[in-house]
Amino acid sequence: MNNIEQLNKYDFHDSLLENLFYNRETKELNLIIDFCNWKQSWYHDNEPETSIISLVFTNVSNATIPEYTPNSDEIMNFSLLEQNSGIKVTIFNDISNSLYDIIVYANEFEILK
């Protein structure tokens, strides 16, 4: 597991939220993202431009998740909350033409490819 502040090294803007799963019992939130590899500082031209990743948060103490079904929603903003207590993800859903915020209070994450 990684400390939440390490998420600063990733650029999630323009990536797409494909799905999300929140299990209150296990305190785990999983965001399935079509991730823009090409926006990362370590990207090389011979690599795939995008890839599907699972961004898994563990020990979630609180989460605000909109009641809707993700549909390749564009990530408009991805930021750490005060004192690195969690993250806020703002997404745009083009079906409803609406912005939604996902707020997660957790201190650990893992990226699964």
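Per chain, residue numbering runs from 1 following the sequence as it is written. The model is predicted, so local features are restricted to residues of pLDDT at least 70 and side-chain atom pairs to those at 80 or more, both for listing and for counting; the totals for chains, interfaces and linings are taken over all residues. Water and hydrogen atoms play no part in the side-chain values, which are based on all heavy atoms of the structure.

A few words on the overall build of the protein. The number of helices and strands found in the protein is 0 helices and 9 strands. From first element to last, N terminus to C terminus, the protein shows the α and β order β-β-β-β-β-β-β-β-β. Oriented by its inertia axes, the alpha-carbon framework of the protein measures out at about 40 × 35 × 25 Å. Classification of the 113 residues of the protein by burial places 39% in the buried group. Considering only intrachain contacts with a sequence separation of at least 6, the fraction spanning at least 24 residues in the protein is 56%. With an accessible surface of roughly 6700 Å², the protein has 42% of that area assigned to carbon and sulfur atoms. Positive and negative side-chain charges of the protein, numbering 6 and 18 respectively, have mean locations separated by a distance of 6 Å. Helix and strand labels come from DSSP, where a helix needs a run of H or I of at least four residues and a strand needs a run of E of at least two; each type is numbered from the N terminus. The cut-offs for exposure are 20% and 50% of the maximum accessible area for each residue type, with area from a 1.4 Å probe on protein chains only; residues under the lower value are buried, those over the upper are exposed, and the others partly exposed. Residues count as neighbours in contact if any of their non-hydrogen atoms are within 4.5 Å of one another. Only the protein chains shown count as cover for residues, with accessible areas throughout obtained via the Shrake-Rupley method and a probe of 1.4 Å. Positive charges are assigned to Lys and Arg, negative charges to Asp and Glu, while His and the chain termini are left out of the count. Charge positions are represented by NZ for Lys, CZ for Arg, CG for Asp and CD for Glu.

Burial analysis of strand E3 (residues 28-36) places 8 of its 9 residues in the buried class, which makes it a mostly covered element. One bridge is not enough; two strands pair if DSSP finds at least two bridges between them. Sheet topology places strand E2 (residues 16-23) next to E3; 7 bridges connect them, and they run antiparallel. Residue Leu17 lies in a different strand from E3, and its bridge partner there is Ile33. The loop that links E2 with its antiparallel partner E3 comprises 4 residues; one of these, Lys27, has a positive phi angle of about 60°.

What follows concerns the packing of aromatic side chains. Two rings from Phe, Tyr or Trp (for Trp, the six-membered ring) form a pair when their centres sit within 6.5 Å of each other. Planes less than 30 degrees apart are called stacked, planes more than 60 degrees apart edge-to-face, and all others tilted. A complete count under the given rule lists 6 aromatic pairs for this structure. Relative to Phe12, the ring of Tyr10 lies with its centre 6.0 Å away and its plane at 45°, an arrangement referred to as tilted. The burial state of Tyr10 is the same as that of Phe12; both residues are buried. Look at Tyr68 and Tyr100: their rings are 4.4 Å apart centre to centre, the planes differ by 5°, and that puts the pair in the stacked class. Here Tyr68 is found in the loop between strand E5 (62-64) and strand E6 (73-80), whereas its partner Tyr100 is found in strand E8 (residues 98-105), with 32 residues between them in sequence. Judged by its relative accessible area of 22%, Tyr100 falls in the partly exposed class.

That's the geometry; what it means functionally is another story.
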